[in-house]
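As a plain string of letters, each chain reads:
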Amino acid sequence: MKSYKEMNREELLNELDLIKEQYQKYTDMHLSLNMARGKPSQEQLDLSNDMLDILNSHSHLYSLDNTDCRNYGVLDGLSEAKALMADMMEVHADQIIIYGNSSLNVMYDTIARGYIFGVGGNLPFSKQEKIKWLCPAPGYDRHFGITESFGFELITIPMTSKGPDMDIIEKMVSEDESIKGIWCVPKFSNPEGIVYSDETVRRMASLKPKAKDFRIYWDNAYCQHYLYDEEVKILNILDECEKAGNPDMVYMFASTSKITFPGAGISALASSLNNKEEILSYMTHQTIGHDKLNQLRHVLFLKDIKGIKTHMKKHAAIIRPKFEAVDIILKEELDGLEIGSWNFPKGGYFISFDSLEGCASKIVLKAKEAGVIMTNAGATYPYGQDPKDRNIRIAPTLPPLKELKTATKLFTICVRLVSLEKLLNN
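These remarks concern the structure in this document. Along each chain, residues carry numbers from 1 onward, in the same order as the chain's sequence is written. Note on the predicted model: pLDDT of at least 70 is required for a residue's local features to be given, and 80 or more for side-chain atom pairs to be given and counted; whole-chain, interface and lining totals, by contrast, use all residues. Neither water nor hydrogens contribute to the side-chain values; these are computed over all heavy atoms in the structure.

**Examining the environment of Ser-206**
This is how it is decided: Here a helix means four or more residues in a row that DSSP labels H or I, a strand means two or more in a row labelled E, and each is numbered from the N terminus. Contact between two residues is taken to exist if any of their heavy atoms lie within 4.5 Å; hydrogens are not considered. Here a polar contact means two N or O atoms within 3.5 Å. Within protein one must be a hydrogen donor candidate and the other an acceptor candidate, and residues neighboring in sequence count only if both atoms are side-chain atoms.
Of note, Ser-206 is situated in the loop between helix H7 (198-205) and strand S7 (215-219). Separated by 43 residues in the primary sequence, Ser-206 and Met-249 place their C-alpha atoms 9.6 Å from one another. Those residues within four positions of Ser-206 in sequence are excluded, and the remaining contacts are Ala-244 and Asn-246. A polar atom in the side chain of Ser-206 sits 2.9 Å from the backbone oxygen of Arg-202.

Listed below in C-alpha cells is the structure:
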C-alpha cells in the first residue's frame, strides 16, 4: 500500500472518505467487544477444571510432612508448594514464601510493609521526606498504580530492546538517595514482550544505589508463558545479585494466575534468606498461613515443572492463533502506510502498538464509540500519561477468535481514520 505520508491532499481526502464509510459500517453493527485487559479466555480457564475435583471430603488432606492442610499454620507455605513455585521461578525452595491468589496483592503488601516498617532496618518510607520510584515504560499500569497510591514520585525510564535503559538507571540510583525501587517485568514485558538481556540483568544486579533500602521489584509474571515451543531463558536475578555482592537487593514475584485460575491461584515471593526472615517477622502478625488446601490442590494438579510446561503448551495452543490473527490483520491493513508499528512477542499476554504521535487517545476513543473497549491510551505510562500519546496495549486472549478478528479489523480502521485526520490537519 502507498504510504499516507507520500499522498497528496486530494488522495488523503479520498482515502478518508473511504475509511469513514468503513467505520460507519462497523458502528452500525452495534458491537460490544472487550479486549481491554489480559484475561484468560473461558477455553483457557476450562483447562484447569479438573483441579476442582482433586480434593473432596474423602481426600487425603495432609501434606508430605503430614501437615493437616485444613488447619492453621505453615506461615511460608507447604514444602511441596514451595518446591513447585521455586522450579517455576527457577529459584531455590528455601527462598520462597507462598501467598494467596494474587501476586499483585503480594507486591502491594511489600510496598506497604516498607511504607509502615521500613526495608532492611531502615526508616519507614512514610517517615522519609520524599520517595521516588523508577518505572520502565511502556509498562504495567497496576505497578504504577501501587506506588502512585502511596504518594511516591514516579520516574519514567525508557525501554530498549534489551530492557530498561540501564545507563539512566545506574546514574540515577547512584546519585539520588530518595530512589527506593524499580518495577521490572523481565520476561515478555507488559506490554512490549521484551526479554531482558543477560547484560541488563547483570547490570541491574550490580547497581550501586545510594539508598540502603533500594530494592528491585522483579515481577516474573510470564516466566512460563510461551507462545511457541521455543523457550526463552533469562539470568536468575537472585543469583546475579549474590554474585554482585547485593544479595538482599531484589524481591521476585510470580503466581499461577494465568496458569490455573486467576481468581483462585497461588502466588509466591522469592528473595534472600535475610529478606525472607524480615518479611516473615511481620507476616506472623498478619496471618497464620495462607490457604493450604489450595496449595495442595495446585501441587496435585500440576505436580512439577514438567506438569506446568505441559499445561502451558495447552494454553499456547489456544492463544497462539489469536496473536497470529492480530498480527496478520495489522499487516494486511497497515503495512506500508507508515502510521503505526507493533511487536510480535514470543510469549506473554500483549501486543504493543505505537501510532503516530498524538493519536493513541483518539484511536482508543473511536474504537470505544464503535463498540470495542481497549485499555486506555496512556495506561502503560506513569500517571496514565504517555508523553507522546502513541502507545496502545492490545490484549488478544479473552475474546473468541472470530470476535477478536472483528475487533482488530475495526481497530485498524480507527488507526487509519485518526491518522488521516492528523495528516490532513498538519
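**Side note on helix H3 (residues 79-89)**
Note the cut-off: The rule is simple: take the accessible area with a 1.4 Å probe, protein chains only, and divide by the maximum for that residue type; under 20% is buried, over 50% is exposed, in between is partly exposed.
In terms of residue burial, H3 counts as a mostly covered element, since eight of its 11 residues are buried. Along H3, the positions that sit buried rather than exposed are Glu-80, Ala-81, Lys-82, Leu-84, Met-85, Ala-86, Met-88 and Met-89. Once H3 ends, the next one or two residues include Glu-90, with phi positive near 60°.

**Observations regarding the packing of aromatic side chains**
Aromatic rings in a pair are described by how distant their centres are and how their planes are angled relative to each other. Note the cut-off: Only Phe, Tyr and Trp rings are paired, with Trp represented by its six-membered ring, and only when their centres lie within 6.5 Å; those with planes under 30 degrees apart are stacked, over 60 edge-to-face, the remainder tilted.
Under the defined criterion, the tally for this structure stands at 18 aromatic pairs. Both rings, one in Phe-125 and one in Trp-133, keep their centres 6.2 Å apart while their planes meet at 80°; by these two values the pair is edge-to-face. Exposure class is identical for Phe-125 and Trp-133. Each is buried. Ring centres 6.2 Å apart and planes at 45° place the aromatic pair Trp-133 and Trp-183 in the tilted group. With Trp-133 in strand S3 (residues 132-137) and Trp-183 in strand S6 (residues 179-184), the pair connects residues that are 50 residues apart, well separated along the chain. Both residues of the pair, Trp-133 and Trp-183, belong to the buried class. One aromatic cluster in this structure is built from Tyr-108, Tyr-115, Phe-125, Trp-133, Phe-150, Phe-152, Trp-183, Tyr-217, Tyr-251 and Phe-253.

**Considerations on the environment of Gly-38**
Within the secondary structure, Gly-38 is located in the loop between strand S1 (33-35) and helix H2 (42-46). In this structure the C-alpha to C-alpha distance between Gly-38 and Lys-258, which are 220 residues apart in sequence, comes to 9.2 Å. Apart from the residues within four sequence positions on either side, Gly-38 is in contact with Lys-258, Tyr-349, Phe-350, Ala-395 and Thr-397.

**Things to note about the nonpolar core**
This is how it is decided: Throughout, nonpolar core names a set of buried Ala, Val, Leu, Ile, Met, Phe, Trp, Tyr and Cys residues whose side chains join them through atoms within 4.5 Å.
Grouped together as the largest cluster of nonpolar side chains are 54 residues, with contacts concentrated most on Met-89, Ile-169, Met-204, Phe-214, Ile-216, Trp-218 and Ile-237. With six residues, the single largest contributor to this core is H3. With residues up to four places along the chain from it excluded, the contact list for Ile-169 reads Leu-134, Ile-157, Pro-164, Ile-182, Met-204 and Leu-207. Membership of the second largest hydrophobic core comes to 53 residues, among which are Tyr-26, Met-35, Ile-318 and Ile-319.

**Some details on the side chain of His-315**
Secondary-structure assignment places His-315 in helix H11 (residues 305-334). Assessed through its relative accessible area of 2%, His-315 is described here as buried. Of note is the side chain of His-315, whose polar atom sits 2.9 Å from the backbone oxygen of Ile-259. Look past the residues within four positions of His-315 in its chain and what remains in contact with it is Gln-44, Leu-47, Lys-258 and Ile-259.

**So, the sheet that holds strand S13 (residues 391-394)**
Strand-to-strand pairing in sheets goes through backbone hydrogen bonds, with the strands running parallel or antiparallel. Selection criterion: One bridge is not enough; two strands pair if DSSP finds at least two bridges between them. Axis angles are defined between N-to-C directions and span 0 to 180 degrees, where every axis is a line fitted to C-alpha atoms and, for a helix, only to the segment in contact.
A sheet is described by the order of its strands in space; here three strands give the open sequence S10-S11-S13, paired in antiparallel fashion. Every other strand in the sheet has two partners, leaving strand S10 (340-342) and S13 as the edge strands with one partner each. Pairwise comparison of adjacent strand axes, ignoring direction, gives a mean angle of 25° for this sheet. Pairing between S10 and strand S11 (residues 351-355): three bridges, direction antiparallel.

Purely geometric stuff here, so don't read any function into it on its own.
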